[in-house]
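Observations on chain architecture
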Amino acid sequence: MGALMTLDLPADSPMLGLPWIITFGPLGDLDEWEPVVCGPYERPHALALAEAVVAEEQLMAVVEPLLPALSADEIRSEIAAAQVAAEDEARQVEGADLYGDFEDVIDEELDAAADEAGHGEPAEPPDEAEVRAGFTRIAALLTAK
């Protein structure tokens, strides 16, 4: 069984409505091959497809939103926001070291979240018609921007 990583977003996040991509890559350092990027998909389809693949293979799947930027300035703005977020996270990590091991707290939170989510069977992946219908909705979303 492989691993699936994605963003934990609140139910009202506008990112949930964006197109999503899946990047499949090796799970460990022993395998070396170029990652395979698939999509765009609607988020539920991306998650279900990624789950179906990693359930049977020793792979890592990263499911993330695809940000449809229309200009270089929009891309620069997204990069700047990501850099600021990374700096904020680094400050939080530095501050957390004063009160204990930050990594232990994160591990406990991840374990608790995994227990809440349950360990049932992976979601049934969408069939080809469902994925194609999702492509149509994504195309409409992208052309409406």
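For the structure, see preceding data.
Structure report, in brief. Remember, it's a predicted structure, so these values are computed and weren't measured experimentally. (Residues numbered from 1 in each chain as written. Predicted model: local features only at pLDDT ≥ 70, side-chain atom pairs only at ≥ 80, totals over all residues. Heavy atoms only, no water.)

**Some thoughts on the environment of Phe 24**
Going by this rule: Strands here are runs of E lasting at least two residues and helices are runs of H or I lasting at least four, both read from the DSSP assignment and numbered beginning at the N terminus.
Summarising the element assignment, Phe 24 is placed in strand β2 (residues 20–26). Counting along the chain gives eleven residues from Phe 24 to Pro 35, while the straight-line C-alpha distance between them is 5.5 Å.

**Quick notes on the environment of Glu 34**
Turning to its location among the elements, Glu 34 is positioned in the loop between β2 and β3 (36–41). Sequence spacing of Glu 34 and Phe 24 is ten residues, and the spatial spacing of their C-alpha atoms is 9.0 Å.

**Considerations on the pairing of β2**
Consecutive side chains of a regular strand alternate in pointing toward one face of the sheet and then the other. Our working rule: Accessibility here uses a 1.4 Å probe with only protein chains present; expressed as a share of the type maximum, an area under 20% marks a residue as buried, one over 50% as exposed, and anything in between as partly exposed. Whether two strands pair comes down to DSSP finding at least two bridges between them.
The element β2 is largely enclosed, with a buried count of six among its seven residues. Here four bridges tie β2 to β3, and the two strands are oriented antiparallel to one another. Across the sheet, residue Thr 23 finds its bridge partner in β3, namely Val 37. By the bridge criterion, seven bridges tie β2 to strand β4 (residues 59–65) in an arrangement that is antiparallel. In the sheet register, Ile 22 faces β4, and the bridge partner there is Val 63.

**With respect to unusual backbone geometry**
The omega torsion of the bond from Gly 39 to Pro 40 falls at 15°, within 30 degrees of zero and hence cis. The residue Pro 40 is located in strand β3 in this model.

**With respect to the pairing of β4**
By the alternation rule, side chains of β4 split into Leu 59, Ala 61, Val 63 and Pro 65, which are all buried, and Met 60, Val 62 and Glu 64, of which none is buried. Where strand β1 (residues 3–6) lies against β4, four bridges are found, and the strand directions are parallel. Note on β4: the bridge partner recorded for Thr 6 is Val 63.

**Things to note about the packing of aromatic side chains**
The following threshold applies: Think of it this way: a Phe, Tyr or Trp ring, Trp meaning its six-membered ring, pairs with another when their centres are within 6.5 Å, and the plane angle makes it stacked under 30 degrees, edge-to-face over 60, tilted otherwise. Remark: a charge is flagged as sitting over a ring if the NZ atom of Lys or the CZ atom of Arg is within 6 Å of the ring centre and within 35 degrees of the ring normal.
Applying the stated criterion across every chain yields a total of one aromatic pair. One cation-aromatic arrangement involves Arg 43 over Trp 20; the distance from NZ or CZ to the ring centre is 4.9 Å.

**What to know about the pattern of salt bridges**
Filter applied, for reference: We define a salt bridge as a contact between a side-chain nitrogen of Lys or Arg and a carboxyl oxygen of Asp or Glu at a distance within 4 Å.
A full pass over the atoms with the stated rule returns four salt bridges. Put simply, Arg 132 and Glu 128 hold a salt bridge, and the shortest N to O gap is 3.0 Å. Residue Arg 132 and its partner Glu 128 are located together in helix α4 (residues 128–144), separated by four residues, close to a single helical turn. For the residue pair Arg 132 and Glu 128, the accessibility class agrees, reading exposed in each case.

**Considerations on the sheet that holds β2**
Sheets are built from strands paired through backbone hydrogen bonds, the pairs being either parallel or antiparallel. Condition: Note on definitions: angles span 0 to 180 degrees between N-to-C directions of axes, and those axes are lines fitted to C-alpha atoms, for helices only across the stretch in contact. Any two residues whose heavy atoms approach within 4.5 Å at even a single point are treated as in contact.
In space, the four strands of this open sheet follow the order β1-β4-β2-β3, with mixed pairing throughout. Looking at which strands have only one partner, the edges of the open sheet turn out to be β1 and β3. Pairwise comparison of adjacent strand axes, ignoring direction, gives a mean angle of 20° for this sheet. Packed onto the sheet, helix α1 (residues 43–54) meets β1, β2, β3 and β4 and runs at close to 175° relative to β4.

**A closer look at the nonpolar core**
For clarity, the cut-off: To qualify as a nonpolar core, a set must consist of buried Ala, Val, Leu, Ile, Met, Phe, Trp, Tyr and Cys residues joined through side-chain atoms within 4.5 Å.
The biggest cluster of nonpolar side chains holds 13 residues, and the ones touching the most others in it are Trp 20, Ile 22, Tyr 41, Ala 46, Ala 50, Ala 61 and Val 63. For this core, the secondary structure elements donating two or more residues are β2, α1 and β4. Of the residues forming this core, the biggest block, four residues, is contributed by α1. Contacts of Val 63, omitting those with residues within four sequence positions, involve Leu 4, Met 5, Thr 6, Leu 7, Trp 20, Ile 21, Ile 22, Ala 46, Leu 47 and Ala 50.

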